[in-house]
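Observations on the three-dimensional arrangement
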Amino acid sequence: MRILYIHQYFNTPEMPGSTRSYEFAKRLVDEGFNVYMITSNWQKKSKKRITNVEGIKVYWAPIYYSNKMNYLRKILSFTLFMFYSFFLGLWLRYDLIYASSTPLSVGITATILKKIKGVKLIFEVRDLWPQIPISLGYIRNNTIKKILFFFEKKIYKSSDKIIALSDGMKKEIEKKINLSKKIITITNLSHVNKFSGYK
């Protein structure tokens, strides 16, 4: 099986940040799956557009992102990645889409590609969007809020499976859609053997 994995902030163990997508994708490769990772070169760590990371074929979009960016620059980064992943997703061949948010725009791309390609979609919810940016005061316009909540619900309903990172997050998603059977919880994990001297 060929899997299209979309995550804007993919990190390898040599890069700072979460390596959840790397660990999941590597395990899939070890199980015999072909994994195509679409991500952004947001830390400017990769010198090439396409690399092979332990069997994972990684497509690095030349799109920068930083928490220090202002709101408009962040929106531009999300939008550029959404279009990049969409057009690359049209060109690639695969049987399943695994989309990991944030941002919510990743789910929009995955939902459209699912319909065009006729494949299944697994949507992983890392943060509750748009609730998080709204609660932080980044989004205040009521019309934009309604549009984002519409897309959030549309993505949930279009997904064949939804992965939440905590039981609390799962409960919040269940409030949005009455489809608890397709929501599962997979918490963040750790390789304790990577901590030297830890007993």
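Please refer to the structure higher up on the page.
A few points on the structure.

By the criterion of burial, strand E5 (residues 96-101) is predominantly enclosed, with 6 of the 6 residues buried. Residues Leu96, Tyr98 and Ser100 line one face of E5 and the alternating positions Ile97, Ala99 and Ser101 line the opposite face, and both faces are buried. Relative to E5, strand E1 (residues 2-6) runs parallel, the two sharing 4 bridges. From the neighbouring strand, tyrosine 5 faces E5, where its bridge partner is tyrosine 98. Judged from the 6 bridges that link them, E5 and strand E6 (residues 120-125) form a sheet pairing that is parallel. Along E6, the bridge assignment pairs alanine 99 with phenylalanine 123. For the segment spanning E5, helix H3 (residues 105-117) and E6, crossover handedness is right-handed.

To continue, consider unusual backbone geometry. Generally, phi is negative for residues other than glycine and the peptide bonds are trans, each holding for most cases. Positive phi is not limited to glycine here, since glutamate 54 has a value of about 50°. The residue glutamate 54 is located in the loop between strand E3 (50-53) and strand E4 (56-61) in this model.

What follows deals with a positive patch on the surface. A surface patch of like charges, here positive, comprises Lys115, Lys153, Lys154 and Lys157. For the positive patch, the leading source of residues is helix H5 (residues 142-158), giving 3 residues. Looking at the secondary structure, you find lysine 157 in helix H5. A relative accessible area of 54% places lysine 157 in the exposed class.

Quick look at the pattern of salt bridges now. This model, assessed by the stated rule, comprises 8 salt bridges. With its nearest N and O atoms 2.8 Å apart, the salt bridge here joins arginine 20 to glutamate 124. In this pair, arginine 20 sits in helix H1 (residues 20-30) while glutamate 124 sits in strand E6, placing the two residues 104 residues apart along the sequence. Glutamate 124 carries the same exposure label as arginine 20, and that label is buried. The salt bridge partner of lysine 175 is glutamate 172, with a shortest N-O separation of 3.1 Å. Remark: glutamate 172 and lysine 175 occur in helix H6 (residues 167-176); sequence separation between them is 3 residues, near one turn of the helix. For lysine 175, a relative accessible area of 64% translates into the label exposed. In the salt-bridge network here, residues are joined through shared partners; they are Arg20, Glu124 and Arg126.

With respect to the helices, strands and loops of the structure, isoleucine 147 is situated in helix H5. Between the alpha carbons of isoleucine 147 and phenylalanine 78 there is a distance of 16 Å; along the sequence they are 69 residues apart.

So, how was this worked out
Residues numbered from 1 in each chain as written. Predicted model: local features only at pLDDT ≥ 70, side-chain atom pairs only at ≥ 80, totals over all residues. Heavy atoms only, no water. Buried < 20%, exposed > 50% of the residue type's maximum accessible area, 1.4 Å probe, protein only. Helix = DSSP H or I, 4+ residues; strand = E, 2+ residues; numbered from the N terminus. Pairing = 2+ DSSP bridges. Right-handed = clockwise from strand over helix to strand, strands pointing away. Patch = residues over 30% accessible without salt bridge, like charges linked within 9 Å, V, L, I, M, F, W, Y side chains within 5 Å. Areas by Shrake-Rupley, 256 points an atom, 1.4 Å probe, with all protein chains shown as cover. Salt bridge = Lys/Arg side-chain N within 4 Å of Asp/Glu carboxyl O. Lys, Arg positive; Asp, Glu negative; His and termini not counted. Charge placed at Lys NZ, Arg CZ, Asp CG, Glu CD.

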